[in-house]
Amino acid sequence: MNEVNQRDIVVGLDIGTTKVCAIVGKKTPEGQIKIIGIGQTPSKGLRKGVVINIDEAVLSIKRAVAYAERMSGVKIDSVWTGIAGGHIRSYNSSGVVAIKNMEVSESDIRRVIDAAKAVAIPPDKEIIHIIPQEFIVDDQSGIKDPRGMNGTRLEVKVHIVTGSVTNVQNIIKCCNRSGLKVKNIVLQPIASSHSILLPEEKDLGVGLIDIGGGTTDVAVFASNAIKHTSVLAIGGDHVTNDIAIGLRTPFKEAEEIKKKHGCALSELVPEDEIIDIPGIGDRKSRQIPKKLLSEIIEPRMEEIYSLVREDLEKRNLTPLLAGGIVITGGSALMSGALELAERHFELPVRLGKPQGIIGLKDAVDNPMYATGVGLVIYGFTKEEEEEDLNLEVGKGRDDDSLFSVILKKMKSWVKEMF
Ligand SMILES: Nc1ncnc2c1ncn2[C@@H]1O[C@H](COP(=O)(O)OP(=O)(O)OP(=O)(O)O)[C@@H](O)[C@H]1O
Ligand SMILES: [Mg+2]
């Protein structure tokens, strides 16, 4: 299993509520990202995006990783993994300092980011990301890298994502116990944005909605900067539950029926279409109108979109979305999900599938793999910026490591500009 040079390999481990998947990416000599393996298994031990049983989660992770190893022929010892759940909070913050010697130095940048970070973070939360959105030197805004610029006043706007310390530690623990090092933890919608959103969309203004099993993850970009992220603890599992109750059938059957016949917009279903509900045990199979199923699904999908809309409107973000909305995640596959979203948001909506990769493209050509493939792309970008922190249980990220990450990120922006 050692023929492949490990330095060219990045593994994304998406620990989702319904599935765990490990995706192996390899950098080609031409600089493209080639998917060379994927391992997937139903997820155990998670609820609403959060680990609730470490032993069960470890078993799922080990299994997914073993499949991915077999398929790729690579021994996997470290991963980039995601985080989500209702404990995630994100804010925009800003800081201002006086520039010391009339020319912006790294120490000025450190001070200004410290100032922006000085929002009260409760002791049970830790910072997962600090992403600079722009720097402002005197009256000049929209600066990505202010080093060396002349001025007297330096301001920074940042997006800060925090998560509960225990939830972060549990993810690291699950990986470590599965024999894996964690290169870094990435907020799931940020990972998904890397595989799903186009640069033009991020520039124009776009909302990404990743509707999974247990959570719905949101990210908003405009003017090439991240404006907002959030995680709502509702997803496709809630739809399945409603079907299970509405049709008096077990969850597993309800899930099958949903995937096979479900439609999020009942208006699209003809009045006379009938579907078969298979009998369980000695119960006979039943026939029901497909419209009835759709009438169970639609209100829940509406609720999901309403919560996203409220979340965006509360922050006045809707006017930014000139590039529309992109829906992804397994639940975006539901027929009518796109049409319902268009109606709900009154914006153009497209279905997002992973892009920007070669190799086993067909195997991951599904919105379910938005986060997994996104983690691979994110990992490659950040390894170039040396953002892999090798996290361990009980060892927090210190300020210095975060700061060096931000500096390196700026260096890569500069590289992009020339
Ligand atoms: N064809 C389909 N039609 C409707 N729903 C579907 C379809 N395929 C998958 N789903 C739903 O997608 C959900 C799983 O999506 P996904 O794999 O993105 O979630 P996850 O990453 O495991 O969970 P999360 O991100 O919420 O932690 C399940 O609720 C499943 O029922
Ligand atoms: Mg997911």
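As the structure is a computational prediction, the values presented were derived from the model and not from experiment.

Caption draft 1: Quick look at the site of ligand 1. If you check the shell around ligand 1, you find 20 residues, and the closest are Thr17, Thr18, Lys19, Glu255 and Lys258. Between an oxygen atom of ligand 1 and a main-chain N or O atom of Thr215, the distance comes to 2.8 Å. In the environment of ligand 1, an oxygen atom lies 2.8 Å from a nitrogen or oxygen atom belonging to the backbone of Gly330. Here ligand 1, which alone exposes 660 Å², has 92% of that area covered by the protein. Looking at the shell around ligand 1 element by element, the count peaks at three residues for helix H7 (residues 251-261). Grouping the constituent residues of the shell around ligand 1 by class yields three nonpolar, 12 polar and five charged. In terms of domain composition, the shell around ligand 1 takes at least three residues from each of domain 1 (6-85 + 165-196 + 354-417) and domain 3 (199-352).

Caption draft 2: Structural detail: the packing of aromatic side chains. Using the criterion set out here, one finds two aromatic pairs in the structure. Measuring from ring centre to ring centre gives 6.0 Å for Trp80 and Tyr378, while their planes differ by 65 degrees; the resulting arrangement is edge-to-face. With a gap of 298 residues between them, Trp80 in strand E6 (residues 78-83) and Tyr378 in helix H10 (residues 370-384) connect regions that are remote in the sequence. The pair formed by Trp80 and Tyr378 is uniform in burial state, with each residue classed as buried.

Caption draft 3: Looking closely at the sheet that holds strand E11 (residues 181-187). Ordered in space as E11-E6-E1-E2-E3-E19, the six strands form an open sheet in which the pairing is mixed. Pairing within the sheet leaves two strands with one partner each, and these edge strands are E11 and strand E19 (358-359). Pairing analysis gives two bridges linking strand E3 (residues 33-42) to E19, with the strands arranged parallel. Within E19, the residue paired with Lys34 across the bridge is Ile358.

Caption draft 4: Expanded view of the nonpolar core. Residues Leu13, Ile23 and Ile185 are the most contacted members of the largest nonpolar core, which totals 65 residues. Core analysis: the next-biggest nonpolar cluster, separate from the first, contains 37 residues, Leu232, Met301, Ile304 and Met334 among them.

Caption draft 5: Structural detail: the UniProt feature "domain: SHS2" (unreviewed entry) in the chain. Annotation from UniProt places "domain: SHS2" (unreviewed entry) at residues 10-196. End C-alpha atoms of residues 10-196 are separated by 18 Å, and the span's content is 28% helix alongside 43% strand.

Caption draft 6: Expanded view of the environment of Asp77. As for its placement among the helices and strands, Asp77 is situated in the loop between helix H1 (54-72) and E6. Each residue touching Asp77, except ones within four places of it in the same chain, is listed here: Gln6, Gly179, Leu180 and Lys181.

Caption draft 7: Fine view of the sheet that holds strand E17 (residues 325-328). If you trace the five strands from one edge of the open sheet to the other, you get E14-E13-E12-E17-E18, paired in mixed fashion. On the outer flanks of this sheet lie strand E14 (225-232) and strand E18 (349-351), each paired with one strand and no other. For this sheet the average axis-to-axis angle between neighbouring strands, irrespective of direction, equals 20 degrees. In this sheet, E17 lies alongside strand E12 (residues 206-211) in parallel orientation, the contact comprising four bridges.

Caption draft 8: Highlighting the domain arrangement of the chain. One can read the domain layout of the chain as domain 1 (6-85 + 165-196 + 354-417), domain 2 (89-163) and domain 3 (199-352). When each unit is reduced to the centre of its C-alpha atoms, the spacing between domain 2 and domain 3 is 37 Å. Every contact between the two is made by seven residues of domain 2 and, on the other side, seven residues of domain 3. Where domain 2 abuts domain 3, roughly 510 Å² becomes buried across the two surfaces, and 44% of that area is made up of carbon and sulfur atoms. Among the residues domain 2 hides against domain 3, the three largest losses belong to Ser90, Gln133 and His159. Together they make up 64% of the total. The interface formed by domain 2 and domain 3 includes five residue pairs in polar contact (both at pLDDT 80 or more). Broken down by secondary-structure element, the contributors of at least two residues to the side of domain 2 that touches domain 3 are strand E7 (89-98), strand E8 (125-137) and strand E10 (153-164).

Thresholds applied
- Counting from 1, residues in each chain are numbered in the order their sequence is written.
- Here chains are named by letter from A upward and ligands by number from 1 upward, in the order in which they appear as written.
- With the structure being a predicted model, the display of local features is reserved for residues of pLDDT at least 70 and the display and counting of side-chain atom pairs for 80 or more, all residues being used for whole-chain, interface and lining totals.
- Based on all heavy atoms of the structure, the side-chain values leave hydrogens and waters out of the count.
- Only a single heavy atom is needed: when it lies within 4 Å of a molecule or strand, its residue is near that molecule or strand.
- Counting of polar contacts relies on pairs of N or O atoms within 3.5 Å, with two restrictions inside protein: one atom must be capable of donating a hydrogen and the other of accepting it, and residues adjacent in sequence are counted only when both atoms are side-chain atoms.
- Methods summary: accessible areas were calculated by the Shrake-Rupley approach with a probe of 1.4 Å, and residue burial reflects only the protein chains presented.
- Here a helix means four or more residues in a row that DSSP labels H or I, a strand means two or more in a row labelled E, and each is numbered from the N terminus.
- Each residue gets one label: Ala, Val, Leu, Ile, Met, Phe, Trp, Tyr, Cys and Pro are nonpolar, Asp, Glu, Lys and Arg are charged, and the others, such as Gly, are polar.
- Each domain span listed reflects an automatic or database assignment of domains.
- Between the rings of Phe, Tyr and Trp (Trp by its six-membered ring), a pair exists once the centres lie within 6.5 Å; its type follows the angle of the planes, with under 30 degrees stacked, over 60 edge-to-face, and the other angles tilted.
- Accessible area is worked out with a 1.4 Å probe on protein chains only. A residue is then buried under 20% of its type maximum, exposed over 50%, and partly exposed in between.
- A pair of strands is considered paired only if DSSP assigns at least 2 bridges between the two.
- The nonpolar core is taken to be a set of buried Ala, Val, Leu, Ile, Met, Phe, Trp, Tyr and Cys residues, with the residues joined through side-chain atoms within 4.5 Å.
- UniProt positions are given in the numbering used here, feature names are shortened, and annotations may be inferred rather than shown by experiment.
- We call two residues in contact whenever any of their non-hydrogen atoms come within 4.5 Å of each other.
- Lines fitted to C-alpha atoms define the axes, with helix axes restricted to the stretch in contact, and inter-axis angles between N-to-C directions lie between 0 and 180 degrees.
- Here the quantity called buried area is the total loss of accessible area, with a 1.4 Å probe, experienced by two parts when brought into contact, counted for both.

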